[in-house]
Amino acid sequence: MPNGASTALSPSKLAQQVTASRDIFKKCYDEFAANYEGARRFMTITALRQRGAPVPLGPGLNRADFEAALEEAERKGFLASFVKTYSERLFTSSATEVEASDLLDDEEGEETYRATLQKILDDFTPMTDAGKIKEGMPRLARNTCKLTVKLSDGSLETGTGLLIGPRLVLTCWHVISSLVTFETGLEGPQGEPDWPGVPDRRLSSRLSVEFDYEVRAGQIGNKWTYGVTEDWLVVGSRLSADPEERLGNWKPQQLDTYLDFVVIELNKPAGFDRPYYNLVNETPREATGKMIVSHHPGNFTMRFSPGEFESSSPVPKFNGIAASGDRVLHTANTIRGSSGGPCLTYDMKPAALHQFVYQVQRKTKGKVEQHATNVAIPLSKIMQRAQETIKSRMGSLSAPRCTLQRSGKALIGRYSLQEAIAAAQTPGGPKILVVQIHYGLDRKPLSQIGKSFSYEILDDALAPGWHRLITINASDIKDNAYSTAQLLLDRISVGNNLSRKLTSPSQLAGAGESTEINDTIATLARDVANVMEEDATRDTIWIAIDEMDRHQISDTSTRVFLEKLYPEIATRQKLRLVLIGMSDPDMPALKNVNSKSVDPLKDHLNIEDVIAWIRNRLSADPDRMLLSLGRIATMLADREMLTEEEKQAERERERETRKRERQEGALSRSAAIAKIVNDIFMPSTTT
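Predicted model only: the values in this text are computed from it and were never measured.

A. Expanded view of the sheet that holds strand β8 (residues 228-237). Pairing is antiparallel in the open sheet, where 7 strands are placed in the order β7-β6-β1-β2-β3-β9-β8. Two strands close off the open sheet at either side, each with one partner strand: β7 (225-226) and β8. Alignment of β8 against strand β9 (residues 261-266), held across 5 bridges, turns out to be antiparallel. Opposite leucine 233, over in β9, you have isoleucine 264 as the bridge partner.

B. How the structure looks around the sheet that holds strand β15 (residues 367-378). Pairing is antiparallel around the closed barrel formed by 6 strands, whose spatial order is β10-β11-β12-β15-β14-β13. If you compare each strand with its neighbour and ignore which way they point, the axes differ by 45° on average. Two elements, strand β12 (residues 328-330) and β15, share 3 bridges in a ladder whose sense is antiparallel. Among the inter-strand pairings, histidine 330 is bridged to a residue of β15, identified as asparagine 374.

C. Geometry of helix α9 (residues 316-323). Within α9 the residues assigned to the buried category are Phe318, Ile321 and Ala322. Seen end-on, α9 carries its buried residues on one side only, within an arc spanning 95°. Turned more than 90 degrees from where α9 packs its buried face, Pro316 and Ala323 sit exposed. Against β11 (303-310), β12, β14 (350-364) and β15 lie the buried residues of α9. At the exit of α9 stands glycine 325, carrying a positive phi of roughly 85°.

D. Just the packing of helix α2 (residues 22-33) against helix α5 (residues 79-90), in detail. Axis separation between α2 and α5 bottoms out at 11 Å; the angle between their running directions is 155°. Here α2 lies roughly antiparallel to α5, going by the angle between them. For the element pair α2 and α5, the recorded crossing hand is right-handed. Listed contacts from α5 to Ile24, Phe25, Cys28, Tyr29, Glu31 and Phe32 of α2 are Ser81, Phe82, Thr85, Tyr86, Arg89 and Leu90. Broken down by class, the residue content of the contact of α2 with α5 amounts to 8 nonpolar, 2 polar and 2 charged.

E. Summary view of the layout of surface pockets. Reported here for the largest pocket is a volume of approximately 1,200 Å³. Taken together, 33 residues form the lining of the largest pocket, with Thr229, Glu265, Arg393, Lys596 and Ser597 sitting closest to its centre. Contributions of two or more residues to the lining of the largest pocket are made by β8, α10 (379-394), α11 (415-424) and β20 (596-600). In terms of residue class, the lining of the largest pocket is built from 11 nonpolar, 12 polar and 10 charged.

F. Seen up close, the pattern of salt bridges. This structure, assessed with the given rule, holds 27 salt bridges. Ionic pairing is found between arginine 22 and aspartate 65, a salt bridge with its closest N-O pair at 2.7 Å. Here arginine 22 is found in helix α2, whereas its partner aspartate 65 is found in helix α4 (residues 59-76), with 43 residues between them in sequence. A salt bridge links glutamate 547 to arginine 550, with the shortest nitrogen-to-oxygen separation between them at 4.0 Å. One connected set of salt bridges, linked through shared partners, spans Arg22, Arg49 and Asp65.

G. Quick look at the side chain of serine 339. As for its position among the elements, serine 339 is in the loop between β12 and β13 (342-345). Excluding its chain neighbours within four sequence positions, the residues that come into contact with serine 339 are Gly159, Thr160, Thr171, Cys172, His174, Val175, His354 and Gln355.

H. Representation of the pairing of strand β2 (residues 156-163). Among the 8 residues in β2, 7 count as buried, and that is most of the element. Direction of pairing for strand β1 (residues 144-150) relative to β2: antiparallel, over a ladder of 7 bridges. Following the sheet pairing, leucine 147 is matched in β2 by glycine 159. Joining the antiparallel neighbours β1 and β2 is a turn of 5 residues, in which glycine 154 adopts a positive phi near 95°. In the sheet, β2 pairs with strand β3 (residues 168-171) via 2 bridges, with the strands oriented antiparallel. Bridged to leucine 163 within β3 is valine 169. Between the end of β2 and the start of β3, which pair antiparallel, lie 4 residues.

I. Local environment of the pairing of β11. In terms of strand pairing, strand β10 (residues 290-295) meets β11 through 6 bridges, oriented antiparallel. Of the residues in β11, the one forming a bridge with isoleucine 292 is proline 306.

J. Here's a closer look at the nonpolar core. The biggest cluster of nonpolar side chains holds 63 residues, and the ones touching the most others in it are Ile176 and Phe211. The element best represented in this core is α10, accounting for 6 residues. Not counting the four nearest positions on each side in its chain, phenylalanine 211 is found in contact with Arg142, Asn143, Thr144, Cys145, Leu163, Val169, Trp224, Tyr226, Leu266, Ala270 and Arg274. Formed by 43 residues, the second largest nonpolar core is a distinct cluster that contains Ile470, Ile569, Met582 and Ala589.

K. Local environment of α4. The terminal C-alpha atoms of α4, which comprises 18 residues, lie 26 Å apart, in line with the 26 Å expected from a rise of 1.5 Å per residue. The complete set of buried residues in α4 reads Leu61, Ala64, Asp65, Phe66, Ala68, Ala69, Leu70, Glu72 and Ala73. Lining the buried residues of α4 we find α1 (11-16), α2, α3 (42-52) and α5. Glycine 77, located one to two residues past α4, shows a positive phi value of around 85°.

The rules behind each value
Residues numbered from 1 in each chain as written. Predicted model: local features only at pLDDT ≥ 70, side-chain atom pairs only at ≥ 80, totals over all residues. Heavy atoms only, no water. Pairing = 2+ DSSP bridges. Helix = DSSP H or I, 4+ residues; strand = E, 2+ residues; numbered from the N terminus. Axes fitted to C-alpha atoms, helices over the stretch in contact; angles between N-to-C directions. Buried < 20%, exposed > 50% of the residue type's maximum accessible area, 1.4 Å probe, protein only. Arc of directions from axis to C-beta. Contact = heavy atoms within 4.5 Å. Parallel < 35°, antiparallel > 145°, perpendicular 65-115°, else oblique. Left-handed = near helix turned anticlockwise from the far one by under 90°. Nonpolar A, V, L, I, M, F, W, Y, C, P; charged D, E, K, R; others polar. 1 Å grid on protein atoms, 1.4 Å probe; cavity = no way out; pocket = protein on both sides within 12 Å on 5 of 7 lines; lining within 4 Å. Points joined across faces, edges and corners; volume = space filled by probe spheres on them. Salt bridge = Lys/Arg side-chain N within 4 Å of Asp/Glu carboxyl O. Core = buried A, V, L, I, M, F, W, Y, C linked by side-chain atoms within 4.5 Å. Expected span 1.5 Å × (residues − 1).

Next up, the structure:
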């Protein structure tokens, strides 16, 4: 129902009051103009205007184009109706706002109804791609975890966390505050005003982290429950200047300093069979628009709560929090236990960490009003503070290798060694790696999976040009310290005769007292470490001593030399030592070496190892994995089609295999699993 062209509205004045973006104005105008025959679209109007009276890019261009479109609406007789329909959405609300009496000369109370096929009702609610939801929801569910802290009085403190690395979980500091101590002062050894404290190791067992807490039925024991390492507090910032302050009396002061977050380290790599959120490489989203919180409220299983990020509030105290930029407000429902829950945008990307609900009482004209808002910490703020520390602790291993790149062999398990190699390539990482072997009651080494595979894993994981890997079999090591030192240096740089840089062996001759031997060999070990470090100008030297369980080092000057060499290497930035088959990584010579990592070999592969391997392959190469599963089904079908005689022969072979397994122990079962994976799953040469 078009109105007459004579109105009190001025296109020029209205154009100056448009506050919406150009795209929003265009959408609204074109949708409305489509109802009027002969009305031109926004782009046509602006193109003709620009051709006749060019205006440079900038605010002036938008005002000119808005005015031209509004003049078109006036000529076609729908200016007043258009302004009335979109007055709140497109125009300012000020002293010069458009009054209803100026808009229409319709009869009082008249209503106009109009049906269209489509309409944008909320500019801030995106139409999210179905694929992002399909992919994002399972990932969010698998990486959200429940934290439980047993307090000294026996009660439980619960919270929520987000997996951000193979072993790293991000949550709020106040969730774990009862487990840390400030014995060295509130600003710690580095003088940090927000220092989160150090873990009280006596209390670390009170913290547990549970994943996949969705449906209790069907879960197997503690399959998805993890503890924490001794030095589990990676990085963080406490709630306020006073570490004893609790949420009940919290005041929004110094928000830029006290961010109330913490990153903790799990005692097992939960992130090797689930695609965690790598915030070091995945830039957090800006906390705006519609959002969703994933959390563990109260004693409930995992919940998703929709809401909206808010950058301002009518409550002055709340508005002050949001205005700082160090916090963001949101409207999703949360209760106790939600602290630390990830807040994601509607494209399923993490943007903030839910902190708590902030409440205030306000007296207005004698009445007491209650107001509450949810407060979250932007992940961008957290990462500014913690990114480098997280990156250093996590190392370079973003996901476990499923195959060796060079040979194509399947690599099942050996996560500890993969982690240790990755960590050893980062500043501050371990310098000595121990692949530990265990002994049985007969004092013989137990058969354990993958020990002989350790060198291949090392060789596959270390990029040539950046790393130099030298392998020495324990059987080649001499019973003389000087000869062993020569062996090491000659293997490191073949043909360069590095051993000539050593001092004369006569220094070792005739040393009758043990203390003199120790002092002299200590000098030799230091000289060897110096020569090796000098040679490692462009790369890092890795020395791998293999089969230490089969060829034990005799109790000679060589043993003393190696024991003196361990701490020397641990202090050198360009040297690494890998001891494969050592049974006692806590021997006196290594006990005080903090820069080491131990890979305790497993007894055998089991169904969980295979499941984890398949899950990783599915996420990396689903088409190849589906082909592999198809080959397995085909192979099993072929077996079903055997004749009775062939089936009987097959059963005989199976009985022989089981008999051999019982005789040989777990190794044959692991070898059989590895053979099936390599023969049938067709592992690709990419990780």
